[in-house]
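Observations on the model geometry
Residue-level listing of the chains:
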Amino acid sequence: MPSKRLGDRGFQMANAAVLGLLSIVTAFPLYYVFVVSFTDPIEYLQKPLVLFPERWSLASYSYLLSTPAFPKALGVSAFLATVGTACSLIVTSALAFTLSRRRMRGRRLIQLCILFTILFGPGIIPNYLLIKELSLINSIWSVILVSLTSGWYVILMRGFYDGIPEELDEAAAIDGCNDIASFFRIILPLSLPALAAFGLFFAVSFWNQYFNALLYLNDSDKWPIQVLLQNMLIDASSSSLGEVDPLMKPPPSETLKMAAVVIAIAPIVAVYPFLQKHFAKGAMVGSIKG
Amino acid sequence: MQGVRPAASKAASPGLWRSIVKDKYLYMLALPGLLYFLIFKYLPMWGILIAFQDYSPFLGMGKSEWVGLEHFQRFFSNPDFFMLFRNTMGISLMNLFLFFPLPIVLSLLLNEVRSELYKRTVQSIIYLPHFLSWVIIASLSFMLLSRADGVINQLLAAFGFERVDFLTNPDGFWLLLTIQSIWKEAGWGTIVFLAAMAGVNPQLYEAARMDGANRLRQMWHITLPAIRNVIVILLILRLGDIMEVGFEQVFLMYNGAVSEVGEVFDTYVYRVGVQQGEFSYSTAVGLFKSLVGLALVLLANSLAKRFGEEGVY
């Protein structure tokens, strides 16, 4: 027996070591970007690798926030994440709720039509032409409207509302509530846990909006943070930040880029602890797929 | 029973219109969502017709000339067709072979961790990249890997090694994409498997220990068979999604040096359609991709149903 216990011990330790190493590999890029963004520009230029800065500095951050373009892009993304999420939640939950009610005639047909949109899409060009026809090019609403909801979210949320008995609607009706009133006063408060989970998913996806913004927003004043980042970091176009106070000396472009990445990640990391409570459940529902 | 039947038939008899009027507020609640699907999902489907036209934005769909399958013929006889097919399949298959097994291995390892705190810490870290945008992931890749000032090349240079072209090397481009996908999604992928493992009856492990099975044997004979169904279903679904390689990821990592291996259907449609204005031709390409994708998903789903009792749709 003792040799077997020893083997077990060894297995445990090797396992923990492998997982620890994987965690470090996963976390390192984020840690590195975080540290360099706060490193004194001169120290950064002198060293090949900064793992812990001797002199901290906020130069990159204050420079970024003093540019015209960066705060504006943050504002656009914040708008998308708040207004977009609120609209998504209301539209998705209302439709999902009605589809869970048996007195809703035609709900099976509607669900089939919604499912079909998951399986088949007309492609980029017809979508682009539609937005153009609707005169929504260069309107921030185009980004909110095209990703307002999705077949998956509606079907997943319907699964949640299936668990709320229809007798509840009847009781509300007897008390003189019509369906709209009872949805907002009774059903929505009951579905807070689902709203929190889906709301966080929506918020992350709106904050991360890149492709739709790239397609529909040509005006750089309306760019969300992801499109600005792509221009600044990947295309490395120096003009994307706009005219800056000429007296302000720009920090090295590398620390500037890293500060930009840190700011773009910050909201995600800030909501992450709340997200974590819900996402395992959310992801599980997703894996069963309807 | 006799008393019930007339009532039941009476409930079924009112027309659709009557029940809509009766439950009008319920239908009003559904309206915004239904309008969304109608306008933003079904209306563009009419736009598919321009794949069979010589669409001109000035003439509009009504007046543009019909050309039948001309754009499809042009596409299939174009060497681009072979290139796009090869790249899409290549990237997908790399993902299938290198990425797909990792969440399974990772969840087997996580499942063996005894300390709940350690397990949760590791999970928190490896789930996080899933929530970062592809722009962030691409930016991080550039900062780590660029030839001139990427960290890894700085280190290689500092230790006297040659600098390596990670980002502009066509031979390594697919691998680069796969590694990015692994970094972003492998941890997240464990959720499904861990949940399946949580359902295993602990008595099975006890019995196996009594029979003298060590940890590895328990993994092999108990844990793996317990998640086999999930593995098979996810594998089949992945096969159905083989035409889907993440547009944003490929688009952001694309550069002139890797164009031969880095152009896939979606990026091609964007470049030829949106950037060069060849609406009809690129709609035809997009339609071809969507149809093959639809066929694959339906095929994969019927396969999944044959394997798992539940199926997917």
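Values in this document were obtained by computation on a predicted structure and should not be read as measured data.

**As for the overall build of chain B**
In terms of regular secondary structure, chain B is built from 18 helices and 2 strands. Its C-alpha atoms give chain B a radius of gyration of 26 Å, clearly above 20 Å, the size a compact globule of 313 residues would have. Classification of the 313 residues of chain B by burial places 48% in the buried group. Looking at chain B alone, contacts between residues at least 24 apart form 64% of all its contacts between residues at least 6 apart. Of the roughly 15900 Å² that chain B leaves accessible, carbon and sulfur atoms contribute 65%. Between the centroid of the 24 positive side chains of chain B and the centroid of its 23 negative side chains there is a distance of 13 Å.

**What to know about the layout of surface pockets**
Computed from the structure, the second largest pocket encloses a volume of approximately 770 Å³. Lining the second largest pocket we find 31 residues, and of these Val25 and Pro29 of chain A together with Ile179, Gln180 and Trp183 of chain B sit closest to its centre. Every element with two or more residues in the lining of the second largest pocket is listed here: α1 (2-37) of chain A together with α7 (101-111), α9 (134-145), α10 (151-158) and α11 (173-185) of chain B. The class makeup of the residues in the lining of the second largest pocket is 24 nonpolar, 6 polar and 1 charged.

**Observations concerning the side chain of Thr149 of chain A**
You can see Thr149 of chain A is positioned in the loop between α7 (140-146) and α8 (151-162). Residue classification places Thr149 of chain A among the buried residues on the basis of a relative accessible area of 5%. A distance of 3.0 Å separates polar atoms of two side chains, one belonging to Thr149 of chain A and the other to Thr92 of chain A. If near-sequence neighbours (up to four positions away) are discounted, Thr149 of chain A is found in contact with Thr92 and Val154 of chain A together with Tyr36 and Phe37 of chain B.

**A look at the pattern of salt bridges**
A full pass over the atoms with the stated rule returns 19 salt bridges over all chains. A salt bridge links Lys257 of chain A to Glu254 of chain A, with the nearest nitrogen and oxygen atoms 3.7 Å apart. A residue pair is termed a helical-turn pair when its members lie 3 or 4 positions apart in one helix, as Lys257 of chain A and Glu254 of chain A do in helix α14 (residues 253-288) at 3 residues. With a shortest N-O distance of 3.1 Å, Lys184 of chain B and Glu185 of chain B are connected by a salt bridge. Residue class for Lys184 of chain B comes out buried when judged on its relative accessible area of 6%. By sharing partners, the salt bridges in this structure join Arg101, Arg103, Asp169 and Asp179 of chain A together with Lys22 and Asp23 of chain B into a single network.

**With respect to the environment of Phe166 of chain B**
Residue and element names in this part refer to chain B. Mapping Phe166 onto the fold places it in the loop between α10 and α11. For the pair Phe166 and Leu145, spaced 21 residues apart in the sequence, the C-alpha separation amounts to 6.0 Å. Not counting chain neighbours up to four residues away, the residues in contact with Phe166 comprise Leu145, Ile152, Asn153 and Leu176.

**Some remarks on the packing of helix α6 (residues 124-133) of chain A against helix α18 (residues 279-307) of chain B**
In contact at an axis separation of 7 Å, α6 of chain A and α18 of chain B are set at 130° when each is read in the N-to-C sense. One element, α6 of chain A, and the other, α18 of chain B, form an angle in the oblique class. Two secondary-structure elements touch here, α6 of chain A through Ile125, Pro126, Tyr128 and Leu129 of chain A and α18 of chain B through Phe279, Ser282 and Thr283 of chain B. A breakdown of the residues in the contact of α6 of chain A with α18 of chain B according to their chemical character gives 5 nonpolar, 2 polar and no charged.

**Focus on the interface of chain A and chain B**
Each partner contributes to the interface: chain A provides 92 residues, whereas chain B provides 90 residues. Across the interface of chain A and chain B, roughly 8000 Å² is buried in total on both sides, 77% from carbon and sulfur atoms. Across the contact surface, chain A and chain B share 1 salt bridge. There are 16 residue pairs in polar contact (both at pLDDT 80 or more) connecting chain A and chain B. With 19 residues, α1 of chain A is the largest single contributor of residues to the side of chain A that touches chain B. Taken together, the residues that form the side of chain A that touches chain B break down as 64 nonpolar, 19 polar and 9 charged.

**Points about the packing of aromatic side chains**
Residues and elements named next belong to chain A. Per the counting criterion, the structure on display carries 40 aromatic pairs over all chains. When the centroid spacing of 5.7 Å and the interplanar angle of 75° are considered together, the rings of Phe97 and Tyr161 count as edge-to-face. With Phe97 in helix α4 (residues 69-99) and Tyr161 in helix α8, the pair connects residues that are 64 residues apart, well separated along the chain. Here Phe97 and Tyr161 have matching classes, each one buried.

**Notes on unusual backbone geometry**
Residues and elements named next belong to chain A. We note that Ser135 has phi near 55°; this positive angle belongs to a residue other than glycine. Tracing the sequence through the fold places Ser135 in the loop between α6 and α7. One non-glycine residue with positive phi stands out, namely Asn138, at about 70°. As for its placement among the helices and strands, Asn138 is situated in the loop between α6 and α7.

**Examining the nonpolar core**
Leu64 and Phe70 of chain A are the most contacted members of the largest nonpolar core, which totals 157 residues. Among the elements that make up this core, the one with the highest residue count is α4 of chain A (14 residues). Every residue in contact with Phe70 of chain A, bar those within four places of it in the chain, is listed here: Leu64, Leu65, Ile225, Leu228, Met232, Leu241, Ala260 and Ile263 of chain A. In this structure, Leu119 of chain A together with Ile48, Ala284 and Leu287 of chain B belong to the second largest nonpolar core, which totals 10 residues.

**Quick word on the side chain of Ser37 of chain A**
All names here are of chain A. Along the chain, Ser37 falls in helix α1. Taking the relative accessible area as the measure of exposure, Ser37 reaches 0% and is therefore buried. When residues no more than four places from it in sequence are discounted, the contact partners of Ser37 are Ser57, Ser60, Tyr61, Thr255, Met258, Ala259 and Val262.

Each value, and the rule that gives it
- Residues numbered from 1 in each chain as written.
- Chains lettered and ligands numbered in written order.
- Predicted model: local features only at pLDDT ≥ 70, side-chain atom pairs only at ≥ 80, totals over all residues.
- Heavy atoms only, no water.
- Helix = DSSP H or I, 4+ residues; strand = E, 2+ residues; numbered from the N terminus.
- Rg over C-alpha atoms; globule rule 2.2 N^0.38 Å.
- Buried < 20%, exposed > 50% of the residue type's maximum accessible area, 1.4 Å probe, protein only.
- Contact = heavy atoms within 4.5 Å.
- Areas by Shrake-Rupley, 256 points an atom, 1.4 Å probe, with all protein chains shown as cover.
- Lys, Arg positive; Asp, Glu negative; His and termini not counted.
- Charge placed at Lys NZ, Arg CZ, Asp CG, Glu CD.
- 1 Å grid on protein atoms, 1.4 Å probe; cavity = no way out; pocket = protein on both sides within 12 Å on 5 of 7 lines; lining within 4 Å.
- Points joined across faces, edges and corners; volume = space filled by probe spheres on them.
- Nonpolar A, V, L, I, M, F, W, Y, C, P; charged D, E, K, R; others polar.
- Polar contact = N/O pair within 3.5 Å; in protein donor to acceptor, adjacent residues only side chain to side chain.
- Salt bridge = Lys/Arg side-chain N within 4 Å of Asp/Glu carboxyl O.
- Axes fitted to C-alpha atoms, helices over the stretch in contact; angles between N-to-C directions.
- Parallel < 35°, antiparallel > 145°, perpendicular 65-115°, else oblique.
- Buried area = accessible area lost by both parts, 1.4 Å probe.
- Phe/Tyr/Trp six-rings, centres within 6.5 Å; stacked < 30°, edge-to-face > 60°.
- Core = buried A, V, L, I, M, F, W, Y, C linked by side-chain atoms within 4.5 Å.

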